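# Summary of the model geometry
Now for the letters of each chain:
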Amino acid sequence: MPKKIGIILVTIGVVLFLSALLLFLYNEYEDRRAGQQTELLMDKIQSAIAEERTPTAKPTDIDEETKTEETATSEPQEVIPTEMPVVVIDGYGYIGYLSVPDLDLELPVMAEWDYSRLKVAPCRQFGSTGTDDLVIAAHNYNSHFGRLSSLKEGAEIVFTDMEGLENRYILKRLDTLNPNAVDSVQNSGYDLVLYTCTPGGATRVTVFCDRIDSAK
């Protein structure tokens with residue numbers, strides 16, 4: 001009987017080990033995939049910003065009939081109600097990108113938030129740069145917000161919108177919050193908040209920032 005119990009315990013141990021190994025490998029795969037996707041998206045977003053900054057030639061000598069035909073055949077553009085400029089790339093709306101020099105990160109930021117979008121890129125969950133209450137959430141992939149906890153007070157973070165306007169911030173506070181501390185995030189009084197889950201998802205690493213030109 002003791003021998004059988006020993007075999008059962010060893011078997012359970014092997015199963016648990018293999019399960020942990022598979023989970024680790026899956027997380028590594030997801031992290032790598034997210035990083036590759038981020039690089040491709042950043043190229044597209046920066047190209048879109050460059051196009052926005054390029055002056056377009058004004059049409060000349062085009063008769064009204066030609067204008068009417070072009071208007072009738074042009075494809076309708078997706079309109080996302082938002083106070084920030086949004087550009088649709090690969091079916092998703094983006095409001096710009098984050099630069100975190102201390103982590104050597106540049107990350108696209110989606111206009112809207114849900115769990116499927118978080119697998120692609122960080123997402124705006126609340127607010128805007130115009131009202132100085134922007135909240136951005138991301139997965140804890142190393143290629144996304146997984147290294148937020150290593151930032152130090154005074155670190156600079158830059159958000160560039162889809163018109164190329166840079167918003168520069170300084171890290172004022174880093175905290176670990178409970179998942180239900182929604183008001184502490186959305187009504188923090190800071191100009192920019194970034195957050196992600198800790199490993200296991202029990203708490204949230206949260207970074208609070210103010211504009212450099214109006215640091216409190």
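A word on unusual backbone geometry. One non-glycine residue, Asp104, lies in positive phi territory at about 55°. Along the polypeptide, Asp104 turns up in the loop between β2 (92-100) and β3 (105-110). The exposure class assigned to Asp104 is exposed, which follows from its relative accessible area of 70%. Within the chain, Asp132 stands out as a residue other than glycine whose phi angle is a positive 50°. Along the polypeptide, Asp132 turns up in the loop between β4 (123-126) and β5 (134-137). Assessed through its relative accessible area of 26%, Asp132 is described here as partly exposed.

Attention now moves to the packing of aromatic side chains. A complete count under the given rule lists 2 aromatic pairs for this structure. Here the aromatic rings of Tyr190 and Phe208 are separated by 5.2 Å at their centres, their planes lie at 45°, and the arrangement is tilted. In this pair, Tyr190 is assigned in the loop between α4 (182-186) and β8 (192-197) and Phe208 in strand β9 (residues 204-211), connecting sequence segments 18 residues apart. The aromatic ring of Phe208 is capped on one face by Arg173, whose charged end is 4.2 Å from the ring centroid.

Within the element layout of this structure, Thr198 appears in the loop between β8 and β9. On the accessibility criterion, Thr198 (15% relative accessible area) is buried. If we skip the residues at most four places from it in the chain, Thr198 touches Asn140, Thr203, Arg204 and Val205.

On to the pattern of salt bridges, then. Inspection of the entire model under this criterion finds 7 salt bridges. The closest approach of N and O atoms between Glu156 and Arg168, which form a salt bridge, is 2.6 Å. Here Glu156, found in strand β6 (residues 156-161), pairs with Arg168, found in strand β7 (residues 166-177); they are 12 residues apart in sequence, far enough to count as distant. One network of salt bridges, in which partners are shared, links Glu112, Asp114 and Arg117.

Attention now goes to the environment of Leu151. Structurally, the position occupied by Leu151 is in the loop between β5 and β6. For the pair formed by Leu151 and Val100, sequence separation is 51 residues and the distance between their alpha carbons is 9.4 Å. Excluding residues that lie within four positions of it along the chain, Leu151 makes contacts with Val100, Asp102, Leu103, Ile157, Leu171 and Leu174.

Now for the pairing of β6. A large share of β6 lies buried, amounting to 5 of its 6 residues. Taken together, the 4 bridges between β2 and β6 define a ladder with antiparallel strand orientation. By the bridge assignment for β6, Leu98 is matched with Phe159. Alignment of β6 against β7, held across 5 bridges, turns out to be antiparallel.

The next subject is the layout of surface pockets. Gaps left between atoms are located by rolling a probe of water-molecule size over the structure's atoms. Here the second largest pocket defines a volume of roughly 340 Å³. Lining the second largest pocket are 19 residues, with Trp113, Gln125, Ala137, Tyr195 and Arg204 sitting closest to its centre. Secondary structure elements with two or more residues in the lining of the second largest pocket: α3 (115-118), α4, β8 and β9.

Turning our attention to the environment of His139. With respect to the helices and strands, His139 occurs in the loop between β5 and β6. According to the relative accessible area criterion, His139 is partly exposed, its value standing at 23%. For the pair His139 and Cys123, spaced 16 residues apart in sequence, the C-alpha separation works out to 9.5 Å. With sequence-adjacent residues up to four places away left out, His139 is seen in contact with Leu118, Lys119, His144, Phe145, Gly146 and Thr196.

Conventions used here
- Residues numbered from 1 in each chain as written.
- Predicted model: local features only at pLDDT ≥ 70, side-chain atom pairs only at ≥ 80, totals over all residues.
- Heavy atoms only, no water.
- Helix = DSSP H or I, 4+ residues; strand = E, 2+ residues; numbered from the N terminus.
- Buried < 20%, exposed > 50% of the residue type's maximum accessible area, 1.4 Å probe, protein only.
- Phe/Tyr/Trp six-rings, centres within 6.5 Å; stacked < 30°, edge-to-face > 60°.
- Lys NZ or Arg CZ within 6 Å of the ring centre and 35° of its normal.
- Contact = heavy atoms within 4.5 Å.
- Salt bridge = Lys/Arg side-chain N within 4 Å of Asp/Glu carboxyl O.
- Pairing = 2+ DSSP bridges.
- 1 Å grid on protein atoms, 1.4 Å probe; cavity = no way out; pocket = protein on both sides within 12 Å on 5 of 7 lines; lining within 4 Å.
- Points joined across faces, edges and corners; volume = space filled by probe spheres on them.

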